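What the coordinates show
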Amino acid sequence: MLKLKNREALNNFRNNILSKHQEKDKKLISLCAGSGCGAYGTEKVYQTLTEELAKHNLQDEVEIKLTGCHGFCEKGPIMVIHPEGIFYPQVKETHIPNIVEKTIKNGEIDKSLAFKDHITKKKIFHEEDIPFYKLQQRIIFGNNGMIDPTSIKDYISVDGYTALDKVLFEMTPDEIIDEIRKSGLRGRGGGGFPTAVKWDSCRKHEGERYVICNADEGDPGAYMDRSLLEGNPHSILEGMLIAARAIGSNQGYIYVRHEYPLAVKNIETAINQAREIGLLGKNILHSDFDFDIHISRGGGAFVCGESTALMASLEGNPGRPRAKYVHTVEKGFRQSPSLLNNVETWTNVPVIINKGADWYSRIGTEKSKGTKIFSLVGKVVNTGLVEVPMGTSLRTIIFDIGGGIPKKKEFKAVQTGGPSGGCIPKEFLDLGVDFDELAKVGSIMGSGGMIVMDQDTCMVDVARYFLDFLKEESCGQCNPCREGIKQMLAILTDICKGNGKEGDIELLEEIGGMLQKFSLCGLGTSAPNPVLSTIRYFREEYEAHIRDKKCPAGVCKPLFHYEIDPKACKGCQACAKKCPEKAITGEKKKTHILDRQKCIKCGICYDICKFNAIIIR
Amino acid sequence: MGKEVIIDWQHVDTIIDKYNSNREALLMIMQDISDIYNYLPPEVIPVLVDKLGIRKSQIYSVATFYKTISLEPRGKYIINICTGTACHVRGANKILETLQESLEIEEGETTKDQLFTLEAVRCVGCCASGPVMTVNKETHGGLDRTNTLEIINEYKEQAS
Ligand SMILES: Cc1cc2nc3c(=O)[nH]c(=O)nc-3n(C[C@H](O)[C@H](O)[C@H](O)COP(=O)(O)O)c2cc1C
Ligand code: SF4
Ligand code: FES
């Protein structure tokens, strides 16, 4: 590719790509190659599709585009056939001959392969009509399903790098920061810190300034950053370029998890392409602006998502946080002024510059502007990534977009904010989700993980689970966090085993309060949140474990057993056939018997019974 | 412990040169070397000391801090079973148990034939497809007991 000499060259380049697009009025098959769909086998589908098209001699008439994540990962691999927007979920190799024959050649929809709505039971044929997508507002995530993330041309064709062009030639650094301030953008990495304030204070400190992207995404259950890195890497680069221009920086770093190989690869490709074409490097588009970006791969430590730990890790040291008497905007990476923002925050930046702060700030709530991508996972029908305006209610997200709870079970709680967050019970389903509302009910936005829990989730076990996670992840340098988490975990483990004592709940609250006050970094201060929020809303469940030695949800093995409800059992033998211990016996159409001595509480019978005849006692 | 590894010193040099012997890139250099041998052979540590100009203690402190680095030999296939929150509420523990039973090893161990190492990790970013595991760089989603065993068998066949 030729280096773009100036802004006119970029413009001509874009127009050239666009005119070529229009010329070829081709059919386009967009196939999701994100990690989620990949796990369900996109690669095999792609191979079969290529072969099948060749068999019909259609390879020149139909273009296949391997895109990033479309968000509806539950239904992967996802295929969308343009221009009609025909949507096929869960595509398998065996479906390909039919799709090519019917849809590609004859323009018919194969109804047997179409998407079936979980609630209305109706088939839906077009992407735009599916409730999961319809209720979203995808200003950040929308291009993921449209562009090939390994092609800079694709990004440029969707107005990519126009915001960079604008800030370089039409705006002063003050104006850039003002625009971000007016937009109301707050950081998407967890704390919701006003982005412009951070930029402005970094700019005021002298030295070699660094622009850094936090792509460490450690919150288990959240994967929007991964999808953006994989699906639209140039939008992150463009955001960083704009900030670099605004604060006067020439060097950027992306700190990304080694466990995200596809993200690393795509972002590497994007950087190389941007360098080749002259959008990274010296005198970008013939301006006086120099900027380049390097990648650093993290090593799977949750605490490295914390800003000071991340910078220690960038320097090649163990990622241990330091006290923040001096902020990283003053002394961060290499003791220099460093500006750290999260992946999703970066991708908001070009959108704000392109569409304007006025447009942007009309989306969202009074103090939380724009949209937020949530990863809607756990016990919900439509799992995936959901982008909605700030302030959208939990009910809309979980029930209208997410399709509610599978298997007719009951909603119990939603966990937001990961290990630093809390569990929100059903009383607050109508809460409009933004930074401040979540904090009011004892949780946090975090990076946007939303883990839905149903009646079969034990809240004490969930609290124990998060502490177990944090015990492994605490860097161990300060006492309150290292010892406090260990002690809280020991108490919770005892409770789950049936050895809970009166006073345990109060003790948990006390130690939790100590951690909140005296830990050095955010990991320790927020570690008690999952415990404290579950005590706040589900105290009776703790009490059942401690006093009655019962786990009402049937999770903590020593505290429950299965029984067969003779009224509900139809004698279908489904459970008897599947029980690995042969603990269930009974003749067809007669009430079965469960031998508690043999039962290992694996739960296979409970999951399999269609009549809810296996009950937890 | 199993067989001695034979180290391709030229390859190691290429990796270090790729990062211009930059000591800030220590972790990435170790990860790249691990990608070849599935662990960081202790024999390379003196070379790192020499080429990057850092102390041995620095290398050990980084190598032991980050989970992607192992100083013990690991199997040909490294199974990372996700026990992240989303996978946890969907029964990741049952998959972990299945793997432990069928491979006859505990979490963190390697099978005697050096074929599999089983590690529990927290979220591989495919949360909507959970429960999930990765085997080396391949991801497998929507796991249940049956398909987990099938997948393991496929790797066994591949290796034989
Ligand atoms: C223990 C801990 C883990 C964190 N992990 C992440 C993370 O994985 N990704 C992220 O963007 N921010 C993470 N953060 C928040 C960062 O410290 C920082 O606030 C953020 O990256 C700033 O970017 P923003 O202003 O764009 O949100 C973490 C914070 C703590 C205390
Ligand atoms: S609070 Fe925990 S993770 Fe943070 S510095 Fe202290 S010990 Fe390390
Ligand atoms: S929680 Fe398992 S992949 Fe994220």
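All of these numbers come straight from a predicted model, not from anything done at the bench.

Time to look at the overall build of chain B. A count of helices and strands for chain B gives 7 helices and 4 strands. Reading the helices (α) and strands (β) of chain B from amino to carboxyl end gives α-α-α-α-β-α-α-β-β-β-α. Taking the principal axes of the C-alpha coordinates as reference, chain B spans close to 50 × 35 × 25 Å. Burial statistics for chain B: of 160 residues in total, 54% are counted as buried.

The subject of this paragraph is the site of ligand 2. Neighbouring ligand 2 are 13 residues; Cys475, Gln477, Cys478, Cys481 and Cys521 of chain A lie closest to it. Considering only residue class, the shell around ligand 2 consists of 8 nonpolar, 5 polar and no charged.

Time to look at the domain arrangement of chain B. Many structure descriptions define interface size as the accessible area lost when the parts assemble. What the domain assignment lists for chain B is domain 1 (9-65) and domain 2 (77-159). Domain 1 of chain B and domain 2 of chain B are separated by 28 Å when their C-alpha centres are compared.

With that settled, the discussion passes to helix H16 (residues 394-401) of chain A. All names here are of chain A. Turning to H16, its buried residues number three or more, namely Leu394, Ile397, Ile398 and Ile401. Seen from one end, H16 has its buried residues packed into an arc of 125°, which puts them on one side. On the buried face of H16, the contacting elements are helix H5 (131-134), strand E11 (371-378), strand E12 (384-389), strand E13 (411-416), strand E14 (422-425) and strand E15 (449-454). Where H16 ends, the next residue or the one after it, Gly403, has phi of about 75°, a positive value.

Residue and element names in this part refer to chain A. Per the domain assignment, the segments of chain A are domain 1 (25-136), domain 2 (152-361), domain 3 (371-454), domain 4 (459-548) and domain 5 (561-616). For domain 2 and domain 3, the distance between their C-alpha centroids amounts to 27 Å. Listed as interface residues are 17 residues of domain 2 and, on the opposing side, 19 residues of domain 3. Here domain 2 and domain 3 share an interface that buries about 1,400 Å² over both sides, 59% of which is from carbon and sulfur atoms. Together, Arg188, Asp219 and Met224 form the three largest contributors to the area buried by domain 2 at its contact with domain 3, with a combined 36%. Across the domain 2-domain 3 interface, the total number found is 2 salt bridges. Ranked by residues supplied to the side of domain 2 that touches domain 3, first place goes to helix H10 (residues 224-231) with 3 residues.

All right, on to the sheet that holds strand E3 (residues 133-135) of chain B then. Residues and elements named next belong to chain B. Taken in spatial order, the 4 strands of this open sheet run E2-E1-E3-E4, and their pairing is mixed. Only two strands of the sheet have a single neighbouring strand rather than two, namely strand E2 (116-121) and strand E4 (138-140). Averaged over all neighbouring strand pairs, the angle between strand axes comes to 20°, with direction disregarded. Examined bridge by bridge, strand E1 (residues 77-82) and E3 share 3 bridges and lie antiparallel to one another. Residue pairing across strands places Ile81 opposite Met133, the latter belonging to E3. Strands in contact with helix H6 (residues 92-103) are E1, E2 and E3; relative to E1, the strand with the most contacts, it is inclined by about 150°.

Residues and elements named next belong to chain A. Taken as a whole and assessed by the stated rule, the structure comprises 48 salt bridges over all chains. A salt bridge links Arg209 to Glu206; its shortest N-O distance comes to 3.8 Å. For Arg209, a relative accessible area of 11% gives the class buried. Here the salt bridges do not stand alone but share partners, grouping Asp174, Asp178, Arg181, Asp200, Arg203 and Lys204 into one network.

Each side of the interface is counted separately: chain A has 60 residues, and chain B has 39 residues. Carbon and sulfur atoms supply 52% of the area buried between chain A and chain B, which totals about 3,700 Å² over both sides. Viewed at the interface, chain B and chain A are joined by 6 salt bridges. For the salt bridge of Glu74 of chain A with Arg90 of chain B, the shortest nitrogen-to-oxygen distance reads 3.4 Å. The interface formed by chain A and chain B contains 28 residue pairs in polar contact (both at pLDDT 80 or more). Sort the elements by how many residues they give to the side of chain A that touches chain B and helix H18 (residues 459-473) of chain A lands first, with 7 residues. Within the side of chain A that touches chain B, the residues separate by chemical class into 26 nonpolar, 18 polar and 16 charged.

Within the largest apolar cluster, 123 residues are counted, with the highest numbers of intra-cluster contacts made by Tyr161, Trp199, Ile254, Phe291 and Trp346 of chain A. Per-element tally for this core: the top contributor is helix H11 (residues 233-247) of chain A, with 9 residues. Look past the residues within four positions of Trp199 of chain A in its chain and what remains in contact with it is Ile176, Ile177, Ile180, Ala243, Ala246, Ile247, Leu339, Asn341, Trp346 and Val349 of chain A. Membership of the second largest hydrophobic core comes to 69 residues, among which are Ile511, Val531 and Ile546 of chain A together with Leu26 of chain B.

The next thing to look at is the site of ligand 1. All names here are of chain A. Around ligand 1, the surrounding shell holds 18 residues, and the nearest of these are Gly189, Lys198, Asn341, Asn342 and Thr345. For ligand 1, an oxygen atom lies 3.0 Å from a polar atom in the backbone of Gly218. One nitrogen or oxygen atom from the side chain of Thr345 is found 2.7 Å from an oxygen atom belonging to ligand 1. Taking 610 Å² as the accessible area of ligand 1 by itself, protein coverage stands at 86%.

The next point concerns a negative patch on the surface. All names here are of chain B. A contiguous patch of negative charge on the surface is contributed by Asp144, Glu150, Glu154 and Glu157. Of note, Glu150 is situated in helix H7 (residues 145-159). Glu150 sits in the partly exposed class, given a relative accessible area of 48%.

This next bit is on the packing of helix H3 (residues 42-55) of chain A against helix H4 (residues 96-106) of chain A. Residues and elements named next belong to chain A. Between H3 and H4, whose axes approach to 9 Å, the crossing angle comes to 50°. Compared by their axis directions, H3 and H4 come out oblique. In the packing of H3 onto H4, the handedness of the crossing is right-handed. Contacts between H3 and H4 involve Val45, Thr48, Leu49, Glu52 and Leu53 on the former and, on the latter, Ile96, Pro97, Val100 and Ile104. Considering only residue class, the contact of H3 with H4 consists of 7 nonpolar, 1 polar and 1 charged.

Rules behind the numbers
- Residues numbered from 1 in each chain as written.
- Chains lettered and ligands numbered in written order.
- Predicted model: local features only at pLDDT ≥ 70, side-chain atom pairs only at ≥ 80, totals over all residues.
- Heavy atoms only, no water.
- Helix = DSSP H or I, 4+ residues; strand = E, 2+ residues; numbered from the N terminus.
- Buried < 20%, exposed > 50% of the residue type's maximum accessible area, 1.4 Å probe, protein only.
- Near = heavy atom within 4 Å.
- Nonpolar A, V, L, I, M, F, W, Y, C, P; charged D, E, K, R; others polar.
- Domains from an automatic or database assignment.
- Arc of directions from axis to C-beta.
- Contact = heavy atoms within 4.5 Å.
- Buried area = accessible area lost by both parts, 1.4 Å probe.
- Salt bridge = Lys/Arg side-chain N within 4 Å of Asp/Glu carboxyl O.
- Pairing = 2+ DSSP bridges.
- Axes fitted to C-alpha atoms, helices over the stretch in contact; angles between N-to-C directions.
- Polar contact = N/O pair within 3.5 Å; in protein donor to acceptor, adjacent residues only side chain to side chain.
- Core = buried A, V, L, I, M, F, W, Y, C linked by side-chain atoms within 4.5 Å.
- Areas by Shrake-Rupley, 256 points an atom, 1.4 Å probe, with all protein chains shown as cover.
- Patch = residues over 30% accessible without salt bridge, like charges linked within 9 Å, V, L, I, M, F, W, Y side chains within 5 Å.
- Lys, Arg positive; Asp, Glu negative; His and termini not counted.
- Charge placed at Lys NZ, Arg CZ, Asp CG, Glu CD.
- Parallel < 35°, antiparallel > 145°, perpendicular 65-115°, else oblique.
- Left-handed = near helix turned anticlockwise from the far one by under 90°.

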